[in-house]
Amino acid sequence: MELLVDHHCHGVVRRDLDRAAFEARLTEADQPAPGTTLFDSALGDALRAHCFPLLDVASDASPEAYLERRAALGHAEVGRRMLRAAGLAAVLVDTGWAPEPLTSPASLGDLAGAAAYEVVRLEAVAEALGDGVSAGGFAAAVRSSLAAAAVRGTTVAFKSVAAYRVGLGLGDERPSDAAVAAAAGRWLAGGGGRLADEVLHRFLAFAALDTGLPLQFHTGLGDRDVDLRSCDPLLLAPWLRAAEPTGVPVLLLHCYPFHRHAAYLAQVFPTVHMDLGLTTHNVGARAAAVLAEALELCPYGKFLYSSDGFALPELHFLGAALFRSAAGGELARRTTENAHRVYPAVGVPGPGR
Amino acid sequence: MELLVDHHCHGVVRRDLDRAAFEARLTEADQPAPGTTLFDSALGDALRAHCFPLLDVASDASPEAYLERRAALGHAEVGRRMLRAAGLAAVLVDTGWAPEPLTSPASLGDLAGAAAYEVVRLEAVAEALGDGVSAGGFAAAVRSSLAAAAVRGTTVAFKSVAAYRVGLGLGDERPSDAAVAAAAGRWLAGGGGRLADEVLHRFLAFAALDTGLPLQFHTGLGDRDVDLRSCDPLLLAPWLRAAEPTGVPVLLLHCYPFHRHAAYLAQVFPTVHMDLGLTTHNVGARAAAVLAEALELCPYGKFLYSSDGFALPELHFLGAALFRSAAGGELARRTTENAHRVYPAVGVPGPGR
Amino acid sequence: MELLVDHHCHGVVRRDLDRAAFEARLTEADQPAPGTTLFDSALGDALRAHCFPLLDVASDASPEAYLERRAALGHAEVGRRMLRAAGLAAVLVDTGWAPEPLTSPASLGDLAGAAAYEVVRLEAVAEALGDGVSAGGFAAAVRSSLAAAAVRGTTVAFKSVAAYRVGLGLGDERPSDAAVAAAAGRWLAGGGGRLADEVLHRFLAFAALDTGLPLQFHTGLGDRDVDLRSCDPLLLAPWLRAAEPTGVPVLLLHCYPFHRHAAYLAQVFPTVHMDLGLTTHNVGARAAAVLAEALELCPYGKFLYSSDGFALPELHFLGAALFRSAAGGELARRTTENAHRVYPAVGVPGPGR
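Note that this is a predicted model, so its numbers are computed, not measured.

1. Focus on the pattern of salt bridges
Logical step 1: Applying the stated rule across the entire model yields 81 salt bridges over all chains.
Logical step 2: With a closest N to O distance of 2.8 Å, Asp40(A) and Arg334(B) form a salt bridge. With Asp40(A) in the loop between α1 (19–24) and α2 (42–51) and Arg334(B) in helix α15 (residues 313–342), the pair connects residues from two separate chains. A single burial state applies to Asp40(A) and to Arg334(B), both of which are buried.
Logical step 3: In this structure, the salt-bridge partner of Glu293(C) is Arg260(A), at a minimum N-O distance of 2.9 Å. With Glu293(C) in helix α14 (residues 287–294) and Arg260(A) in helix α12 (residues 259–268), this pair bridges two chains.
Logical step 4: Looking at Glu293(C), the relative accessible area reads 3%, which means it is buried.
Logical step 5: Taking relative accessible area as the criterion, Arg260(A) reaches 10% and is therefore assigned buried.
Logical step 6: Each of Asp40(A), Asp45(A), Arg48(A), Glu330(B), Arg333(B), Arg334(B) and Glu337(B) takes part in one network of salt bridges that share partners.

The structure is reproduced here in structure tokens:
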């Protein structure tokens, strides 16, 4: 089995979960509708087919039976089984969102038997500046934080969640320091906290390019907070055009249902790459069909693999299992090669893995 | 054969039709282009394959031969054959649009051997107030009419055609009574008639929620009057978010070509459901492919069946035949179960059906 | 083999090409990303499978081997082989864009053994007026040029690239002569040159209708200059509605990834037709899947064939080979029949072709 580089994922929860807590983390929904269950879905079918057997549970068993067995094994053993079965060479872990304590990149790497790296979320960097920064000092403080993050050996990329906060319609000019100071002033006057200002997200994206590290963008589907219309990667085209002269790789994540749009951008812009991320496990057995649509235009050298697994190690495994089955050996191998080219620090795994 | 609940359809015409009249009702086009025929289409192929044999006409016969046989049998017998063959437990009939006299819900139910219910169109209720209402009295009159409609035993849902009139970009706040009065004043000053005012459509949608009955929305494709771009169900997301605390089920109808968008909404919003409606018969043999796309994200408990059959009973039958073949027995059964949950008044059909 | 009418293509280059020059013309990208090649793509796979053997090169040979053989045969022989193998009855050649000298329509027809006609680009006509026109005289000069072009026996259609310049959101009213004069004045004051003014593109489109010749519109994907969001053919709906009373056929070209949108327009507007154009060769083996999506709604009498081949005769051949394989004999035959109906001057090929 070809090892994959999971170039965008998150940690997993460090406790056992009851049915409600498990189901709340299964899809992008917070909860099922009354009288229904999110286990009855393409994702649920894939979970039964691929994950139940990994915990020695029959595929036609009930969710309760699965969750009982899961609790009996304990979250650590479940994590180990799922992440080992994922067959990963490396995990690149977005550490910028953890509504509850999740495994660190190193711990996730240990579970997976894979090299572990960090993807630093731009907004988390900015928001961490909090009280300690003035409006006029914001730009320099961000640049300094990003530079410090970039030189840590474990950091291999930055990530923007502008899609969630202001949409992907970022302007195509670097905001001036004065404009950044004014925007930061508004943000600080509002008490800091959650950043949602087009000027600041744009500034962060350009500032990330200056470090030379690849920049990942959330695009396409997400949880119910997202305005999906404003997550169409085509909205980012003006910014992508402006960013291109830097030569820094840009990674469009997830992309669904706009994956054909992303593939077009990946064809015509040399710096643009894409993956299907959380789409893969959400659509279950349809992963091959969606991948085929993405590869209509996306050159094979521009496509990467990620699971966007979050909280449940089942999602890290499902992503890999469904992708491998959809992509076949040759494309799976290519995505690993592509990840090594885009993230040179990740390195090529030796034969002894 | 599992009986289906056709949760959104219309009556059928009560006369025989010549070729031009039949073809004008076959698709969303008013007429074919010169030198072409709408029989040469995915829908036409499905008609030949599924409907011709029901009237004892060979599938490779000409449209003329079919229409001759159709006239010889008479519209009543054709309606009976088609609707019986559809295999329906219940029909939920939108009575709000009838450019010519159509069968009543009860008559359609008789043709189908199915229970019959009414879906009341919000705009028809408002427009019926006509001269008899003042701007200041509009809101109360609408509320009173909706409440009266809701307590009739036959009414099981309301329906909004805001998509056709102002698009789905409804605001996410209930308009104040003053705002409704002002908008009603503009409408009345213009002579009443066809409603097309965002404030009024939004008011109607919120007022419908107050009755507790499920609310259907036209979304996606429709006839040539529609601005398809403004029928993307994602435009409705802010309103859906605002409507969610009421717990009232919302049904996104048709959805194509935005069915993946609708499926995303059905996943993340507990109250949101979807169907493919008129898409199913329009795309003919591709119904399975389109359904597969919708079920990538839509939880199986949120998907319903409807034909959106209008005027031609062939469309009621084709929808059911194509859907059954696309969905398979298990999902077909689920859509009926889902309909009974969303519309409790429809009830579960007894074993003697 | 059924001969096809390639109702929209361009000339081919009149020189041999090295790998960089060939690859730059292969897709909509200007160049591959560092470390990747555009040969590794759906289009590249199709090139290997279909074109390599036509030059006696094994499908698993390297691009270099193919290009060596290509140079040894010489561009003229390659053009002849590819265009003959395309099996064309007629080529309709857009002569409005030639960053380097390309074969004329007559020469392309000779290579193909096909009848040759010209598609005149509206913007090229207007831009050619250059210095010789005043703002006030612009409208009359355009009308006169279009009328002259239309009566040349070789001209069978006009084409608009408004999508590239201002997007497809054209207004639905003919601009007044005063509005045209004002817009032309702004254009001339800016030195003339590349036209990009909604009023002028709209004027050109309406003026083209007045000649009675069919009008082609670029829609959907294109090179990196395009703002793909503004190439959604649904944006053109108001203009299409306004244009319909003229009865002049309108052709939506390429359409991807909005081909389902175009198909909807082709169903509901009698004058609207569509093709997949450059999509067909770009998506390679997925041509059948994309075509199936387009034919969900597009009536078979409204679908045409084109390659949009440009510069490389491989693209003219690939389009035809992939389309034939995707469409099957019956639909291929229909597209030729449709082309003859839309472009009566093209005529039905005699049995002796």
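That shown, we press on.
2. Looking at the packing of aromatic side chains
Residue and element names in this part refer to chain A.
Logical step 1: All chains considered together, the criterion is met by 30 aromatic pairs over all chains.
Logical step 2: Where Phe52 meets Tyr66, the ring centres are 4.3 Å apart and the plane angle is 5°; that geometry is what we call stacked. Here Phe52, found in the loop between α2 and α3 (63–73), pairs with Tyr66, found in helix α3; they are 14 residues apart in sequence, far enough to count as distant. Of the two residues, Phe52 and Tyr66, both sit in the buried class.
Logical step 3: With 6.2 Å between their ring centres and 50° between their planes, Phe138 and Phe203 make a pair best called tilted. In this pair, Phe138 sits in helix α7 (residues 138–151) while Phe203 sits in helix α10 (residues 198–211), placing the two residues 65 residues apart along the sequence.

3. Quick word on the sheet that holds strand β6 (residues 250–254) of chain A
All names here are of chain A.
Logical step 1: Here we have 7 strands laid out as an open sheet, ordered β1-β2-β3-β4-β5-β6-β7, and parallel in their pairing. The outermost strands of the open sheet, each flanked by one partner alone, are β1 (4–9) and β7 (272–274). Recorded for the sheet is a direction-independent mean angle of 25° between the axes of neighbouring strands.
Logical step 2: Bridge count between strand β4 (residues 155–160) and strand β5 (residues 215–219): 3 bridges; the pairing is parallel. Residue Phe158 lies in a different strand from β5, and its bridge partner there is Leu215.
Logical step 3: Against the sheet, α7 touches β3 (115–121) and β4, its axis set at about 140° to β4.

4. So, the sheet that holds strand β6 (residues 250–254) of chain C
Residues and elements named next belong to chain C.
Logical step 1: Strand order in the open sheet formed by 7 strands is β1-β2-β3-β4-β5-β6-β7, and the pairing between neighbours is parallel. Whereas interior strands pair on both sides, the edge strands pair on one side only; in this sheet they are β1 (4–9) and β7 (272–274). The mean angle between the axes of side-by-side strands here comes to 25°, regardless of whether they run parallel or antiparallel.
Logical step 2: Bridge count between β1 and strand β2 (residues 88–94): 4 bridges; the pairing is parallel.

5. Some details on the interface of chain A and chain C
Logical step 1: Taken residue by residue, the interface counts 23 residues in chain A and 31 residues in chain C.
Logical step 2: The contact between chain A and chain C buries some 2300 Å² in all, and 54% of this surface belongs to carbon and sulfur atoms.
Logical step 3: Run the count over chain A and chain C and you get 4 salt bridges.
Logical step 4: Taken together, the connections running from chain A to chain C amount to 16 residue pairs in polar contact (both at pLDDT 80 or more).
Logical step 5: Broken down by element, the side of chain A that touches chain C gets its largest block of residues, 5 residues, from α12(A).

6. Comments concerning the environment of Asp225(C)
Logical step 1: By secondary structure assignment, the location of Asp225(C) is in the loop between β5 (215–219) and α11 (237–243).
Logical step 2: Each C-alpha atom, one on Asp225(C) and one on Arg165(C), is 9.2 Å from the other, the two residues being 60 residues apart in sequence.
Logical step 3: In this structure Asp225(C) touches Arg241(A) and Tyr164(C), once residues within four positions along its chain are discounted.

Basis of the calculations
Residues numbered from 1 in each chain as written. Chains lettered and ligands numbered in written order. Predicted model: local features only at pLDDT ≥ 70, side-chain atom pairs only at ≥ 80, totals over all residues. Heavy atoms only, no water. Salt bridge = Lys/Arg side-chain N within 4 Å of Asp/Glu carboxyl O. Helix = DSSP H or I, 4+ residues; strand = E, 2+ residues; numbered from the N terminus. Buried < 20%, exposed > 50% of the residue type's maximum accessible area, 1.4 Å probe, protein only. Phe/Tyr/Trp six-rings, centres within 6.5 Å; stacked < 30°, edge-to-face > 60°. Pairing = 2+ DSSP bridges. Axes fitted to C-alpha atoms, helices over the stretch in contact; angles between N-to-C directions. Contact = heavy atoms within 4.5 Å. Buried area = accessible area lost by both parts, 1.4 Å probe. Polar contact = N/O pair within 3.5 Å; in protein donor to acceptor, adjacent residues only side chain to side chain.

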